[in-house]
Amino acid sequence: MNVETTSSAAAARPTEPRIRTELPGPRAQALIARDEAVGSPSLTRAYPLVAESADGIWVTDVDGNVFCDFAAGIAVASTGHAHPRVVAAIREQAGRLIHIAATDFYEPRYLEFNERLAAIAPFEETARVFLTNSGTEAVEGAVKLARHHTRRPAIIAFEGAFHGRTLGALSLTSSKLKQRAGFGPLLPMVFHAPYPRVRAWREGSGGDGTAELEVLRRSILGRLVAPADVAAIVVEPVQGEGGYFPAPAAFLRGLRDICDEHGILLIADEIQSGMGRTGKWWAMEHVGVEPDLVTTAKGIASGMPIGAFIARESVWTWPPGAHGSTFAGNPVCAAAGLATLELIEDGLMANATTMGDRLRSALEAVASDAHAVRDVRGIGLMVGVEFHTHEQANAVERAAFERGLLVLECGESTLRLCPPLVVDAAAVDLAARLFGEALEAARYPEPGPAEVGG
Ligand SMILES: Cc1ncc(COP(=O)(O)O)c(C=O)c1O
């Protein structure tokens, strides 16, 4: 597997975090003060990390502290930071052509990236691809295409979903109230169905989503919106921002059945779960359910801003001019994407399975007698540790940071570990050990009776 050993810096890489100042350090403190004076107050920095550089799974801050990165820039740095093959592809392409506007002109990297993505589409039918600049734009585009193709107005999404923050995608998002508050009116005819939040998730272990499917069939499609008015059901096969909940196979199969019954398109939002993170290109492949459209972004180009929506050939019935974008499919991003896909195929996807299993077991072991931990779950390198309360999750997140481990909260009280797919056994064991130390060291309030269970 050609992953971590190709960089000349690899030999000099740390094997442990190095924390040599109080956190944040003096340079970080000064920069944070400047940032906070000029940046949008809407940003919610998890902890005071001021990144200066990064290599593989190691992030160095402006004071020279070195952290082990199990956040990967929100599940983005899939091939590790600054993978030499990705950096070379970016450098080469930047020297050749930075921009041409794929909406108006042809360009080789654009079409090659489309070809590669079409080849890995999670359905049998021939695929076409539209490249975007971000995840939210991929969702916008997929919803536009679904509406245009079906000529139907309504969309069904799920409680706890995160699909992005532009107004169309935001209308589907429902993971946190503050993401929606104050922005209405949002898209009309968007309905949110319950999503099965199955704890202690294992294939075949109870919680199959039957009750949630029943609500969708009876309450939503039976009372609120006629199935013939619904263009698409949009689902994350593993709910990401909502708390790292993998959907049970029976639930996804049930959605496919409903779609087939009523001519509704099934859109799988794989922006967080796709690109090999769960050990297959797409999380949908674990359950053998084919969507009609799939969205991707995040890990697709190792940090360069690009996403895509991919749909079956038969869905692309919109005419020239119906959709476009000035920057989308930028050749430098597409070149980084091509290098990224090669690396994922060339070992990283398999590594995600092996290391994911190791990480989950190791976390289960360190959490086994931590009263604050409610559940450890996930597929591949998309692992969540759920606490009883947000305060507990937050305290452990901070304690992990202070020990040099970067993790990120999601949902109401879950810490996600979504490292670069290049992690090896030593890194996984290190992360689990640091996580265990953080669990022990965190000073969090004991949960009150009302906060336990449910
Ligand atoms: C499942 C999913 N969809 C959409 C998005 C939005 O992507 P972006 O932040 O690139 O717009 C995200 C981002 O977290 C996501 O996890």
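Scoring rules and cut-offs
Residues numbered from 1 in each chain as written. Predicted model: local features only at pLDDT ≥ 70, side-chain atom pairs only at ≥ 80, totals over all residues. Heavy atoms only, no water. Helix = DSSP H or I, 4+ residues; strand = E, 2+ residues; numbered from the N terminus. Rg over C-alpha atoms; globule rule 2.2 N^0.38 Å. Buried < 20%, exposed > 50% of the residue type's maximum accessible area, 1.4 Å probe, protein only. Contact = heavy atoms within 4.5 Å. Areas by Shrake-Rupley, 256 points an atom, 1.4 Å probe, with all protein chains shown as cover. Polar contact = N/O pair within 3.5 Å; in protein donor to acceptor, adjacent residues only side chain to side chain. Domains from an automatic or database assignment. Buried area = accessible area lost by both parts, 1.4 Å probe. Expected span 1.5 Å × (residues − 1). Near = heavy atom within 4 Å. Nonpolar A, V, L, I, M, F, W, Y, C, P; charged D, E, K, R; others polar. Arc of directions from axis to C-beta. Pairing = 2+ DSSP bridges. Axes fitted to C-alpha atoms, helices over the stretch in contact; angles between N-to-C directions. Salt bridge = Lys/Arg side-chain N within 4 Å of Asp/Glu carboxyl O. Core = buried A, V, L, I, M, F, W, Y, C linked by side-chain atoms within 4.5 Å. Left-handed = near helix turned anticlockwise from the far one by under 90°.

A.B. asks: Honestly, the overall build of the protein chain in this entry has me stumped. Any pointers?
C.D. replies: Assigned secondary structure in the protein chain consists of 12 helices and 17 strands. Its C-alpha atoms give the protein chain a radius of gyration of 22 Å, near enough to 22 Å, the size a compact globule of 454 residues would have. Taken over the C-alpha atoms alone, the protein chain extends approximately 60 × 60 × 45 Å along its principal axes. A total of 454 residues make up the protein chain; the buried ones form 57% of that total. Contacts in the protein chain between residues far apart in sequence, at least 24 positions, make up 75% of those at least 6 positions apart. In the form shown here, the protein chain has an accessible surface area of approximately 18700 Å², with 54% of it arising from carbon and sulfur atoms.

A.B. asks: What exactly am I supposed to notice about the side chain of T173 here?
C.D. replies: As for its position among the elements, T173 is in the loop between α6 (167-172) and α7 (177-180). At 2.9 Å, the side chain of T173 and the backbone oxygen of G164 are in polar contact. Apart from the residues within four sequence positions on either side, T173 is in contact with A161, F162, H163, G164, Q179, R180 and H192.

A.B. asks: Sorry, what's going on with the domain arrangement of the protein chain here?
C.D. replies: How big an interface is tends to be reported as the loss of accessible area on association of its parts. For the protein chain, the domain assignment lists domain 1 (10-82 + 348-451) and domain 2 (86-341). Placing a centre on the C-alpha atoms of domain 1 and another on those of domain 2 gives a separation of 26 Å. Across the boundary between the two partners, domain 1 contributes 35 residues, which contact 32 residues of domain 2. When domain 1 packs against domain 2, the two sides together hide about 2700 Å² of surface, and 57% of this comes from carbon and sulfur.

A.B. asks: I'm lost on helix α12 (residues 425-441) in this one. Help?
C.D. replies: Owing to its 3.6 residues per turn, the α-helix brings residues three or four apart onto one side. Its 17 residues place the ends of α12 24 Å apart at the C-alpha level, agreeing with the 24 Å of an ideal helix rising 1.5 Å per residue. Within α12, burial applies to A427, V428, L430, A431, A432, L434, F435, G436, A438 and L439.

A.B. asks: Explain the site of the ligand here, please?
C.D. replies: Near the ligand, the surroundings consist of S134, G135, T136, F162, H163, G164, E236, E241, D269, I271, Q272 and K298. Between the ligand and E241 there is a distance of 3.5 Å, counted from an oxygen atom to a side-chain nitrogen or oxygen. Between the ligand and the protein, one listed contact pairs an oxygen atom with a side-chain N or O atom of K298 at 3.0 Å. Each residue belonging to the shell around the ligand can be placed in one class, and the counts come to two nonpolar, six polar and four charged.

A.B. asks: How should I be thinking about helix α4 (residues 108-119) in this particular structure?
C.D. replies: With 12 residues, α4 extends 16 Å between its outermost C-alpha atoms, agreeing within 8% with the 16 Å of an ideal straight helix rising 1.5 Å per residue. Looking at α4, one finds that the buried residues are R109, Y110, F113, N114 and L117. Down the axis of α4, the buried set is contained in an arc of 135°. They therefore lie on one face. In α4, the exposed positions angled more than 90 degrees off the buried face are occupied by E115 and A119.

A.B. asks: What should I look at first to understand the sheet that holds strand β6 (residues 190-193) in this one?
C.D. replies: Here seven strands make up an open sheet; going across it, the order is β4-β12-β11-β10-β7-β5-β6 and the pairing mixed. Of all strands in the sheet, those bounded by a partner on one side alone are β4 (127-132) and β6. The average angle at which neighbouring strand axes cross in this sheet is 20°, direction not considered. Both strand β10 (residues 265-269) and strand β11 (residues 293-296) contribute to a ladder of three bridges, which runs parallel.

A.B. asks: What's the story with the pattern of salt bridges in this structure? I'm lost.
C.D. replies: It is possible for side chains of opposite charge to pair when their charged atoms get near one another. A complete count under the given rule lists 24 salt bridges for this structure. Among the salt bridges present, the one from E345 reaches R116, with a minimum N-O distance of 3.1 Å. With E345 in helix α10 (residues 331-367) and R116 in helix α4, this pair connects stretches of sequence that are 229 residues apart. Judged by its relative accessible area of 46%, E345 is partly exposed.

A.B. asks: What am I meant to see in the sheet that holds strand β17 (residues 414-417) here?
C.D. replies: The pairing of strands in a sheet happens through backbone hydrogen bonds and is either parallel or antiparallel. Overall, antiparallel pairing links the four strands, which are arranged β13-β14-β17-β16 in an open sheet. Two strands in the sheet have a free side with no partner beyond their single neighbour: β13 (373-379) and β16 (408-410). Adjacent strand axes in the sheet meet at a mean angle of 30° when their direction is disregarded. The pairing of β16 with β17 spans three bridges and is classified as antiparallel. Paired with L408 across the strands is R416, a residue of β17. Docked against the sheet, α12 engages β13, β14 (382-387) and β17, running at close to 10° with respect to β14.

A.B. asks: When you look at the nonpolar core in this model, what are you seeing that I'm missing?
C.D. replies: For soluble globular proteins, nonpolar side chains are generally found buried alongside one another. In terms of nonpolar packing, the biggest core is built from 99 residues, with L117, I233, L255, I310, F387 and F435 touching the most fellow members. Element by element, the count of residues in this core is highest for α10, at 15 residues. Taken domain by domain, the makeup of this core includes at least three residues from each of domain 1 (10-82 + 348-451) and domain 2 (86-341). For L117, the residues in contact, after removing those within four places along its chain, are V129, L131, M275, I300, A308, I310 and L341. With 25 residues, the next largest nonpolar core counts V143, L145, V190 and A231 among its residues.

A.B. asks: Can you walk me through the packing of α4 against α10 in this structure?
C.D. replies: Packed helices, taken two at a time, are described by the angle between their axes plus the distance between the axes. Where α4 meets α10, the axes come as close as 8 Å, and the angle between the chain directions of the two elements is 35°. For the pair α4 and α10, the sense of crossing is left-handed. Along its contact with α4, which presents R109, Y110, E112, F113, R116 and L117, the element α10 presents P331, A334, A335, G337, L338, L341 and E345. Considering only residue class, the contact of α4 with α10 consists of eight nonpolar, one polar and four charged.

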